[in-house]
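In case you want the letters, here they are:
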Amino acid sequence: MQHRSAWKNRWTFMLATAGSAIGLGNIWKLPYMIGMNGGSAFVLLFIACVFFVGIPLMMTEILLGRRAQKNPLNGIESLAIEANISPRWKYIGGMGMLTGLLILSFYSVIGGWVLSFITSAAMGSFTGITAAESTANFERLLASPITLLFWHSVFMVMTMSVVAHGVNSGLERANNILIPALFVILLILLGYSMSVGDMKTAFSFMFNPDFSKITPIVVLSALGHAFFSLSLGMGSVMVYGSYLQRNVSIARTTICIALLDTMLGLLVGLAIYSLVFANQLAPNAGPGLIFQTLPIAFGHMPSGNFIATLFFMLVAFAAWTSAISLAEPTIAWVVENTKISRKTASTLSGLAIWLVGVSVVLSFNEWQDIKIVFGLNIFETLDKLTSTILLPLGGLLMAVFAGYFMHKKHVHEELNLSNNAFRLWQFTNNYISPIAIIAVFLYLFGLVK
Ligand code: TRP
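Computed from a prediction, not measured in an experiment: that's the story for all the values here. (Residues numbered from 1 in each chain as written. Predicted model: local features only at pLDDT ≥ 70, side-chain atom pairs only at ≥ 80, totals over all residues. Heavy atoms only, no water.)

Trainee: Explain helix α10 (residues 216-229) residue by residue, including any values.
Mentor: Here α10 is 14 residues long and its end C-alpha atoms lie 20 Å apart, about the 20 Å a rise of 1.5 Å per residue gives. Most of α10 sits out of view: 11 of its 14 residues are buried. Listed in full, the buried residues belonging to α10 are V218, L220, S221, A222, L223, G224, H225, A226, F227, F228 and S229. Positive backbone phi, approximately 60 degrees, marks S231, located one or two places after α10. (Helix = DSSP H or I, 4+ residues; strand = E, 2+ residues; numbered from the N terminus. Expected span 1.5 Å × (residues − 1). Buried < 20%, exposed > 50% of the residue type's maximum accessible area, 1.4 Å probe, protein only.)

Set out below in structure tokens:
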């Protein structure tokens, strides 16, 4: 029997999973996705996806992990054997590992942007910066492959060295202080944006529902982002669940994490859009949005350099704890199946991911014009492929597996809910999520116009 480590208690599990969920998805990606997908239409759909697909699916992933007590691949394999169905279901786990590594390859590059912004902030380069200067500043960073490569490498080394030591090595305890600290600093930022920015326009841009802006692409993006933001569909949450003791309530933990994660993202969105509208910037600036707008606020507020340094450090920390969970399923699988040590496994996969990341770095400059499919460059292809196809597909398969193939008694035991709450989970897991995901896929593959 392998010795498996376990979380100390409910609280460390919750912090680790929140640490996985809260990351660049909330701070970097959500704000620009809102701007690129029609504002409030996207926000509304995103919230709906979190509640009707994300929360039930997060419960499903945790229950699968905890029942199996193994890495996602072997875990689903043994659950399939237990349920008397083909062990080939295990490939869900295999697909998840690959998805995690693909996401990490670009996640690390963006994590690198954040690291480089820590140094810029600390050196006071935002002082008094104008909107045009801020944009130019960011464009200068993107135009320099060497700088990007350097920070991408630093981020990758940071991530894999924690993974090499095992996930519950103490970093998660730091979450205890750092996630609340991130909230506090966001509130400061929000307060500042409210006083100097255009909060009214920002608020109506984000929350005044405009149903005419809902298009199939917006639905697709919102669903994909709900998966991305909650770390669902590839086994991050499942592998964390596999280290969880039996006596913890899955439902309560899930709801706390989902609410925290969603609120945080929306707060950042508000802070950013009130700056965007006050400075006549474009809401649809894309992936550079926060890096172009936030320095303007920091550059003009009292103690701005200090607050900016702290802010980007906290964001880097949040990104770090998420990145770790992207690699963990693969490393857990290697360690539990081969004689390769955790350290070697982390080094080798780290190198492979880093290498893919190099092509992502180049896609922001030298290889900008190389389009892979549908006019998307390397970064965009990896992002769309994972968020809108691989994660929802993984989620769909897990929901179907737990809802239609596992023994109901086992699912019941893990979730440990009252009958009504169980039925609610079952209804969302067995019908709402699969139907929503399949509908989006049918559209994506052109079957429904
Ligand atoms: N949820 C993280 C974020 O918002 C990123 C992340 C970590 C992730 N693990 C994941 C995304 C698994 C998809 C799947 O930044």
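Trainee: Describe the nonpolar core, and please don't skip the residues or the numbers.
Mentor: Of all hydrophobic cores here, the largest spans 157 residues; its most connected members are W113, F291, F298 and F311. Looking at this core, the element that brings in the most residues is helix α14 (residues 304-337), giving 18 residues. Among all residues touching W113, those that are not within four sequence positions of it are W28, F138, L141, L142, L148, P287, F291 and F364. (Core = buried A, V, L, I, M, F, W, Y, C linked by side-chain atoms within 4.5 Å. Contact = heavy atoms within 4.5 Å.)

Trainee: Could you give an account of the site of the ligand, naming the residues involved and the relevant values?
Mentor: Near the ligand, the surroundings consist of 18 residues, among which A21, G25, Y107, F228 and S231 are the closest. In the environment of the ligand, an oxygen atom lies 3.0 Å from a nitrogen or oxygen atom belonging to the backbone of L24. Measuring from a nitrogen atom of the ligand, one finds a side-chain N or O atom of S236 at 3.3 Å. Contact with the protein chains hides 100% of the accessible area of the ligand, taken as 360 Å² for the molecule alone. Here the shell around the ligand is composed, by residue class, of 9 nonpolar, 9 polar and no charged. (Near = heavy atom within 4 Å. Polar contact = N/O pair within 3.5 Å; in protein donor to acceptor, adjacent residues only side chain to side chain. Areas by Shrake-Rupley, 256 points an atom, 1.4 Å probe, with all protein chains shown as cover. Nonpolar A, V, L, I, M, F, W, Y, C, P; charged D, E, K, R; others polar.)

Trainee: I'd like a rundown of the packing of aromatic side chains, residues and numbers included.
Mentor: The description of an aromatic ring pair rests on the distance of the ring centres and on the angle between the ring planes. Counted by the stated rule, this structure contains 28 aromatic pairs. Centre to centre, the rings of F117 and F291 are 5.0 Å apart; their planes meet at 70 degrees, and the pair counts as edge-to-face. With F117 in helix α5 (residues 91-122) and F291 in helix α13 (residues 289-300), the pair connects residues that are 174 residues apart, well separated along the chain. The class of F117 is buried, set by a relative accessible area of 2%. With a centroid separation of 5.4 Å and 45 degrees between ring planes, the pair formed by F298 and F311 is classed as tilted. With F298 in helix α13 and F311 in helix α14, this residue pair connects regions lying 13 residues apart in the sequence. Across the ring face of F228, the terminal group of K29 is positioned such that the distance to the ring centre comes to 4.2 Å. (Phe/Tyr/Trp six-rings, centres within 6.5 Å; stacked < 30°, edge-to-face > 60°. Lys NZ or Arg CZ within 6 Å of the ring centre and 35° of its normal.)

Trainee: Describe the environment of E139, listing the residues and the values that go with them.
Mentor: When you line up the elements, E139 lands in helix α6 (residues 131-142). The exposure class of E139 is partly exposed, given its relative accessible area of 48%.

Trainee: Talk me through the side chain of K29; I want residue IDs and the actual numbers.
Mentor: Counting through the fold element by element, K29 comes out in helix α2 (residues 24-36). Looking at K29, its side chain comes within polar contact range of the side chain of D383, at 2.8 Å. At 2.9 Å, the side chain of K29 and the side chain of S387 are in polar contact.

Keep in mind that these numbers describe shape and distance, not what the molecule does.
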